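If you want the building blocks of each chain, they are given just below.
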Amino acid sequence: MLEHDRREFLVRSAGGLAAMALLPELGLARMPSPRADLRVGVVGVGRHGRDVLAEIAKIEGATITAIADTDERRLASGLRRTSGAEGFADVGSLISAGLTDAIVIATPTHTHREVAEEAFASGQHVYVEAPLAATLTDCKAIAASARSATGVIAAGLQGRANPVYQLARTFFRSDSVRDLVAMRGQRHQKTSWRTPASDPARERALNWVLDPEVSLGLAGEWGTHQFDVFNWYVGRYPVKVRGNGSIRLHKDGREIADTIACTLTLDDGAELQYSATLANSYEGMYEVLYGTNAAIKLGWSHGWMFKEADAPTQGWEVYANRQQFHKDEGITLIAGATKLAEQGKLKQGIGLPFSSLYYALGDWLAAASEGSEAACSCDEAARATAVGIAANRAVVTGEEISVEM
Amino acid sequence: MGTRFELLIADQEDPVRLRAIGEEALGVIHDEHGRLTRFEASSMIAQINRGAGLHAVRVDRELFDLLEESEAIHRESLGTFDIAVGTRATADAVSLDRTHCTVRLASGVQLDLGAIAKGYALDLAASVLREHGVRSALLHGGTSSVIAIGAPPGGLAWGIETPGLGPGSVALRDAALSVSDAGSEVGRVSDPRTSEPIASGWRAGVTGPSARDTDAWATALVVLGASAAAPGGEVERAFTRRGLAAILPELERTSDA
């Protein structure tokens, strides 16, 4: 056998063997392709709303037909990012126009309840961005309304629809990781987190994430997405959280900490260490779950498993793709390994080709066209947001806070 | 876009606000990379390319306008600027439908916006700066395309050196400049009309109001070579219509954009 053929054989074998263990759970990774054409409206077309427009544009069978925003400049800019949608000043006008079957809510967190309840009542399918709301009262109200809604409702906690995260979870839930030791997560990004306003009157509204009266800070606005990953993997929820925060870089009069650290404790005593900062970008955003047999590291587009020397070998790892991290070697967790190996594209498939947002929106639209459940319910989003709210409270007060829900 | 973009804001205003404006402008460039690169499966251009020979792909109005403008420059430049990679054997190699906002590629044709995307992204970033009242700034992509907003504090214009295109520097104020280079080895740049490598050593620069136009035309001029200087032709008419000025090695330096 030629050396090239041998390598190809090993790659194909690796894909096939790995997939034997992974295929059952890979069935959960619903690829975005609604069976019926769906007309989608997007409420809130700021920076994140524009990301939503971009991802929906890539999903076959979905068309952006309407957008809404209270800011005229953003509305005009958002309309240029569609192929001919209508623009509206608010969600009520958008719904009344009858141009949509499904609505994405990408407005500021503290406005979600009012917009979501109006959207749920319309009977349309609704995707609510996460965190679900800025208060526990609003979280519970949205979750309750979602349960009685007639459309398919999804919350924007993207990890649950991410094919790499779904795949890695099968390992975590199997014997590969064994007993949970600890968890760690971070999101580091160097940015002011500030939106420039051409009109000074809009300054506060556009910079709501820096307004302590309505913002959940880094722990709530960012942390909620990552806390949900741990909730989903472990199947338990933190019961208390300690935290601290300070302003390390952006000494511009803001009150919201630009650097935070939290310790979240589960009911069995296991701990999750979480840090977030706007002052340094090193290593970006990831989550790690440490088990007695292995650790799993999740980086949104990539996932790796680091096995302990005494962990049992399951066979397929011998030929799996590996990546070196200083003194550790990670086994790359590849979604759809069999299919990629058959196409000779296993190498290209190491990272997800699309963003997590694409898979989350696609999962919701596919569920909407099938009448099935989306990957993340508002009940789960309310639980994760409750953790985020408690973590933010711990950072602000410096006290240990019990997680309520 | 596989290159480094840098931004200098020289306004003497609240640095907190200026940083936020700068981040917004660079964010726009980052977004455009994600939309326009052909090397990432998630981009809009990759999506269009996957539909080649199969079906039309609906795009947003912003991207449609860019593709339409690219095709206009293709015609004006006598085919020397081309976003289509592969053969244009038929007239419908790239079909744009404004009514439905769709683009359809013939089989074997792929889009590559590498010769216009940098300039286009710089235009969008500059418009963010202007929209927020920035009066003095310089931004560039890979040092081959640059936009000057106003002038530096105490100066009349930004001075940009263009090695290989004559002595001194180009004075730039509220204008864009792009340079293109065929490289030192034959074969680095090919003529899109013939796929033949063009002669090495030829350089060209273009100034004008839009970096999208200067970026595309700098590439076209490198392919056109000395014939670009021919007066009264299609190229000259396009330059006049778009407010462009050429900087060619044999020509007198154009110092005012």
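Let me sum up the structure you'll find in this document. Because the structure is predicted, anything quoted here is derived from the model rather than measured.

A few points about the overall build of chain B
For step 1, the next point in the chain: The helix and strand tally for chain B stands at six helices and 13 strands.
For step 2, the next point in the chain: Scaling as 2.2 N^0.38, a compact globule of 257 residues should have a C-alpha radius of gyration of about 18 Å, and chain B matches this with 18 Å.
For step 3, the next point in the chain: Along the first, second and third principal axes, the C-alpha set of chain B runs to 55 × 40 × 30 Å.
For step 4, the next point in the chain: Taking all 257 residues of chain B together, the buried fraction comes to 44%.
For step 5, the next point in the chain: The contacts in chain B between residues at least 6 apart in sequence include a share of 63% that link residues at least 24 apart.

Side note on the interface of chain B and chain A
For step 1, the next point in the chain: Listed per partner, the contact involves 20 residues of chain B and 20 residues of chain A.
For step 2, the next point in the chain: Residues that form the side of chain B that touches chain A fall into these classes: six nonpolar, four polar and 10 charged.

Structural notes on the sheet that holds strand S6 (residues 153-156) of chain A
Residues and elements named next belong to chain A.
For step 1, the next point in the chain: The six strands are arranged S3-S2-S1-S4-S5-S6 in an open sheet whose pairing can be described as parallel. With one partner strand each, in any of the chains shown, strand S3 (86-88) and S6 form the two edges of the open sheet. Neighbour to neighbour, the strand axes of the sheet diverge by 25 degrees on average, direction disregarded.
For step 2, the next point in the chain: Relative to S3, strand S2 (residues 62-68) runs parallel, the two sharing three bridges. Its bridge partner being in S3, Ala68 is matched across the sheet by Phe88.

A closer look at unusual backbone geometry
Among all residues except glycine, the phi angle is most often negative; among peptide bonds, the trans geometry is most common.
All names here are of chain A.
For step 1, the next point in the chain: A cis amide bond links Ala130 with the next residue in sequence, Pro131, at an omega value of 0 degrees.
For step 2, the next point in the chain: Checked against the element boundaries, Pro131 lands in the loop between strand S5 (125-129) and helix H6 (136-148).
For step 3, the next point in the chain: Backbone geometry places Glu283, a non-glycine residue, at a positive phi of 65 degrees.
For step 4, the next point in the chain: Within the element layout of this structure, Glu283 appears in the loop between strand S10 (271-277) and strand S11 (285-291).
For step 5, the next point in the chain: Taking the C-beta count within 10 Å as the criterion, Glu283 has 10 such neighbours and is therefore assigned exposed.

What to know about the sheet that holds strand S12 (residues 294-298) of chain A
For step 1, the next point in the chain: Strand order in the open sheet formed by 10 strands is S14-S15-S13-S12-S11-S7-S10-S9-S8-S16 (chain A), with mixed pairing between adjacent strands. Whereas interior strands pair on both sides, the edge strands pair on one side only; in this sheet they are strand S14 (322-325) and strand S16 (401-402) of chain A.

As for the pairing of strand S7 (residues 180-188) of chain A
Residue and element names in this part refer to chain A.
For step 1, the next point in the chain: Across seven bridges, the pairing between S7 and S11 is antiparallel. Directly across from Gly185, in S11, lies its bridge partner Glu287.
For step 2, the next point in the chain: As paired elements, S7 and S10 share six bridges and run parallel to each other. In the strand pairing of S10, Gly185 is matched with Tyr274.

Some words on the packing of helix H4 (residues 117-131) of chain B against helix H5 (residues 211-224) of chain B
A pair of packed helices is captured by two measures, namely the crossing angle of their axes and the spacing between those axes.
Residues and elements named next belong to chain B.
For step 1, the next point in the chain: Axis separation between H4 and H5 bottoms out at 7 Å; the angle between their running directions is 165 degrees. As far as their axial angle goes, H5 and H4 are roughly antiparallel. Read as a crossing pair, H4 and H5 show a hand that is right-handed. The residues of H5 that touch H4, namely those facing Lys118, Gly119, Tyr120, Leu122 and Asp123, are Ala211, Arg212, Thr214, Asp215 and Ala216.
For step 2, the next point in the chain: Looking at the contact of H4 with H5, its residues break down into four nonpolar, two polar and four charged.

Observations regarding the pairing of strand S1 (residues 38-43) of chain A
Residues in a regular strand project their side chains so that they alternate between the two faces of the sheet.
Residues and elements named next belong to chain A.
For step 1, the next point in the chain: Most of S1 is tucked away, with five of its six residues classed as buried.
For step 2, the next point in the chain: The sheet contact formed by S1 and S2 spans six bridges and is parallel. Of the residues in S2, the one forming a bridge with Leu38 is Ala62.
For step 3, the next point in the chain: Taken together, S1, helix H2 (residues 47-57) and S2 constitute a β-α-β crossover, and its handedness is right-handed.
For step 4, the next point in the chain: Both S1 and strand S4 (residues 102-105) contribute to a ladder of four bridges, which runs parallel. Residue pairing for S4: Val43 is matched across the bridge by Ile105.

Things to note about helix H3 (residues 61-76) of chain B
All names here are of chain B.
For step 1, the next point in the chain: With 16 residues, H3 extends 22 Å from end C-alpha to end C-alpha; this agrees with the ideal 22 Å at 1.5 Å per step.
For step 2, the next point in the chain: Within H3, burial applies to Leu63, Phe64, Leu66, Leu67, Ser70, Ile73, His74 and Glu76.
For step 3, the next point in the chain: Where H3 ends, the next residue or the one after it, Leu78, has phi of about 60 degrees, a positive value.

A short note on the packing of helix H1 (residues 15-36) of chain B against H4 of chain B
Residue and element names in this part refer to chain B.
For step 1, the next point in the chain: The N-to-C vectors of H1 and H4 enclose an angle of 150 degrees; their axes lie 9 Å apart at closest approach. When the axes of H1 and H4 are compared, the pair comes out roughly antiparallel. When you trace H1 past H4, the crossing you get is right-handed. Judged by residue contacts, Ile21, Glu24, Ala25, Leu26, Val28, Ile29, Glu32 and Leu36 of H1 engage Ala117, Tyr120, Ala121, Leu124, Ala125, Val128 and Leu129 from H4.
For step 2, the next point in the chain: Among the residues forming the contact of H1 with H4, the class breakdown is 13 nonpolar, no polar and two charged.

The rules behind these values
Residues numbered from 1 in each chain as written. Chains lettered and ligands numbered in written order. Predicted model: local features only at pLDDT ≥ 70, side-chain atom pairs only at ≥ 80, totals over all residues. Helix = DSSP H or I, 4+ residues; strand = E, 2+ residues; numbered from the N terminus. Rg over C-alpha atoms; globule rule 2.2 N^0.38 Å. Buried ≥ 20, exposed ≤ 12 C-beta atoms within 10 Å, placed from the backbone. Contact = placed C-beta atoms within 7 Å. Nonpolar A, V, L, I, M, F, W, Y, C, P; charged D, E, K, R; others polar. Pairing = 2+ DSSP bridges. Axes fitted to C-alpha atoms, helices over the stretch in contact; angles between N-to-C directions. Parallel < 35°, antiparallel > 145°, perpendicular 65-115°, else oblique. Left-handed = near helix turned anticlockwise from the far one by under 90°. Right-handed = clockwise from strand over helix to strand, strands pointing away. Expected span 1.5 Å × (residues − 1).

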